[in-house]
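# An overview of the molecular structure
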Amino acid sequence: MSLNDVPAGKNLPDEVNVIIEIPAHSDPVKYEVDKDSGAIFVDRFMATCMHYPTNYGYINNTLSEDGDPADVLVMSPFPLLAGCVIKCRPVGVLKMTDESGTDAKILAVPVDKLSTIYRGITDIDQVPELTRQQIQHFFEHYKDLEPNKWVKIDGWEDAASAKAEIIDSVKRYEANK
């Protein structure tokens, strides 16, 4: 099995396949899937004593403005295993800038077939405010103790913006193949 063979999704941009790299609420270790081998590598040990507030992964066959696949934060009732794939619905996007440039974090929920918990969430304003604040707080501070790293939050945008981010990332990937 190779994670490189996982398609971005059959119903883009309304449903996407997200490859999980970091489980929600796990220890402060940043993992990344090596796109060539499909193996999960330790990218770094985070200097801050913080954990990811959601599952963290990416959409295969996409290319964001920062040169990496589109990042996705997946809300779920339980942490997901690194390396698993979950079909999700995008509901918003956290726009930010860091030392590498523009960085967008798409927020998504599992499709209704996987769980009815998120059935009523189709856009960012339906995500609990505390959840949005926790995610934003994490990304504002998770690099605080790392030299020459920084993050500026530009704000939350809606599901339409998240879907546009996905379409643009797919087009960018196709143009750079």
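You'll find the structure just up there.
Residues numbered from 1 in each chain as written. Predicted model: local features only at pLDDT ≥ 70, side-chain atom pairs only at ≥ 80, totals over all residues. Heavy atoms only, no water.

## Looking at the overall build of the protein
Applied cut-off: Strands are runs of DSSP state E lasting at least two residues, helices are runs of H or I lasting at least four, and both sets are numbered from the N terminus onward. C-alpha atoms define the radius of gyration in this analysis, and the globule rule sets the expected value at 2.2 Å times the number of residues to the power 0.38. Exposure classes here rest on a 1.4 Å probe applied to the protein chains alone. A residue is buried below 20% of its type maximum, exposed above 50%, and partly exposed in between. In this analysis, two residues are considered to be in contact whenever any of their non-hydrogen atoms come within 4.5 Å of each other. Residue burial considers only the protein chains on display, and all accessible areas are found by Shrake-Rupley using a 1.4 Å probe. We score Asp and Glu as negative and Lys and Arg as positive, and we do not count His or the chain ends. Lys charges are placed at NZ, Arg charges at CZ, Asp charges at CG and Glu charges at CD.
Of the regular secondary structure elements, the protein holds two helices and eight strands. Taken from N to C terminus, the helices and strands of the protein fall in the order β-β-β-β-β-β-β-α-β-α. A globule of 177 residues ought to have a C-alpha radius of gyration of about 16 Å, and the protein, at 15 Å, matches this closely. With respect to the three principal axes, the spread of C-alpha positions in the protein is 40 × 40 × 30 Å. Relative to its 177 residues, the protein shows a buried fraction of 48%. Within the protein, contacts between residues at least 6 apart in sequence are counted, and of these 65% link residues at least 24 apart. Carbon and sulfur atoms provide 51% of the accessible area of the protein, an area that totals close to 8800 Å². Across the protein, the 18 positively charged side chains and the 29 negatively charged ones have centroids separated by 5 Å.

## Some points on the packing of aromatic side chains
Rules: In this analysis, rings of Phe, Tyr and Trp, with Trp reduced to its six-membered ring, are considered paired at centre separations within 6.5 Å, and the interplanar angle assigns stacked below 30 degrees, edge-to-face beyond 60, and tilted for intermediate values. Charges are assigned to positions over rings by a cutoff of 6 Å between ring centre and Lys NZ or Arg CZ, combined with an angular limit of 35 degrees from the ring normal.
In total, this model carries eight aromatic pairs according to the counting rule given. With centroids separated by 6.4 Å and ring planes inclined at 35°, the aromatic side chains of Tyr56 and Phe139 adopt a geometry described as tilted. Linking Tyr56 in strand S4 (residues 55-59) with Phe139 in helix H1 (residues 129-141), this pair joins segments that are 83 residues apart in sequence. This pair shows no difference in class: Tyr56 is buried, exactly as Phe139 is. By way of ring pairs, the aromatic residues Tyr52, Tyr56, Phe138, Phe139 and Tyr142 are connected into one cluster. The ring of Tyr58 is capped by Lys35, whose NZ or CZ atom sits 4.3 Å from the centre of that ring.

## Here's the deal with the layout of surface pockets
Empty pockets left among the atoms are what a rolling probe the size of a water molecule brings to light. This is how it is decided: Both site types are read off a 1 Å grid over the protein atoms alone. A 1.4 Å probe that fits but cannot get out defines a cavity, while an open set with protein on both sides within 12 Å along at least five of seven lines defines a pocket; lining residues have an atom within 4 Å of a point. Grid points are joined across faces, edges and corners, and a volume is the space filled by probe spheres set on the points. Put simply, Ala, Val, Leu, Ile, Met, Phe, Trp, Tyr, Cys and Pro go in the nonpolar bin, Asp, Glu, Lys and Arg in the charged bin, and everything else, Gly too, in the polar bin.
What the largest pocket holds in volume is close to 520 Å³. Surrounding the largest pocket, 30 residues form its lining, Glu32, Asp66, Asp68, Pro69 and Asp71 being those nearest its centre. Partitioned by chemical class, the residues of the lining of the largest pocket number eight nonpolar, six polar and 16 charged. In this structure, the second largest pocket spans a volume of roughly 160 Å³. Surrounding the second largest pocket, 14 residues form its lining, His25, Pro53, Thr54, Met75 and Thr131 being those nearest its centre. Tallied by class, residues from the lining of the second largest pocket come to eight nonpolar, six polar and no charged.

## A look at the state of the cysteines
So the rule is basically this: Whenever a pair of cysteine sulfur atoms sits within 2.5 Å, that pair is classed as a disulfide.
Across all of its chains, the model carries zero disulfides by this definition. Between Cys88, a cysteine without a disulfide, and Cys84, which holds the nearest cysteine sulfur, the sulfur-to-sulfur distance is 9.2 Å.

## A closer look at the pairing of strand S6 (residues 85-98)
Quick note on the threshold: Two strands qualify as a pair provided that DSSP identifies no fewer than 2 bridges between them.
Most of S6 is tucked away: 11 of the 14 residues are buried. When strand S1 (residues 16-22) meets S6, the two strands line up antiparallel, connected through four bridges. Bridged to Asn17 within S6 is Lys87. Here S6 runs beside strand S7 (residues 101-110); their pairing, made up of 10 bridges, is antiparallel. By the bridge assignment for S7, Arg89 is matched with Val109. Count of turn residues in the S6/S7 antiparallel hairpin: two residues.

## What to know about the pattern of salt bridges
Between side chains of opposite charge, a pair can form when the charged atoms approach closely. Just so we agree on the cut-off: Each salt bridge in this description consists of a side-chain nitrogen of Lys or Arg and a carboxyl oxygen of Asp or Glu lying within 4 Å of one another.
Taken as a whole, this structure holds 15 salt bridges when the rule is applied. Across the pair Glu21 and Lys35 runs a salt bridge, and its minimum N-O distance is 3.8 Å. Placement of the pair is Glu21 in strand S1 and Lys35 in the loop between strand S2 (29-33) and strand S3 (40-45), with a sequence separation of 14 residues. Residue Lys143 is joined to Asp98 by a salt bridge in which the shortest nitrogen-to-oxygen separation is 3.1 Å. Here Lys143 is found in the loop between H1 and strand S8 (151-157), whereas its partner Asp98 is found in strand S6, with 45 residues between them in sequence. You'll find Lys143 and Asp98 in the same group, each marked buried. Taken together, the shared-partner salt bridges connect Asp43, Arg44, Glu146 and Lys149 into one network.

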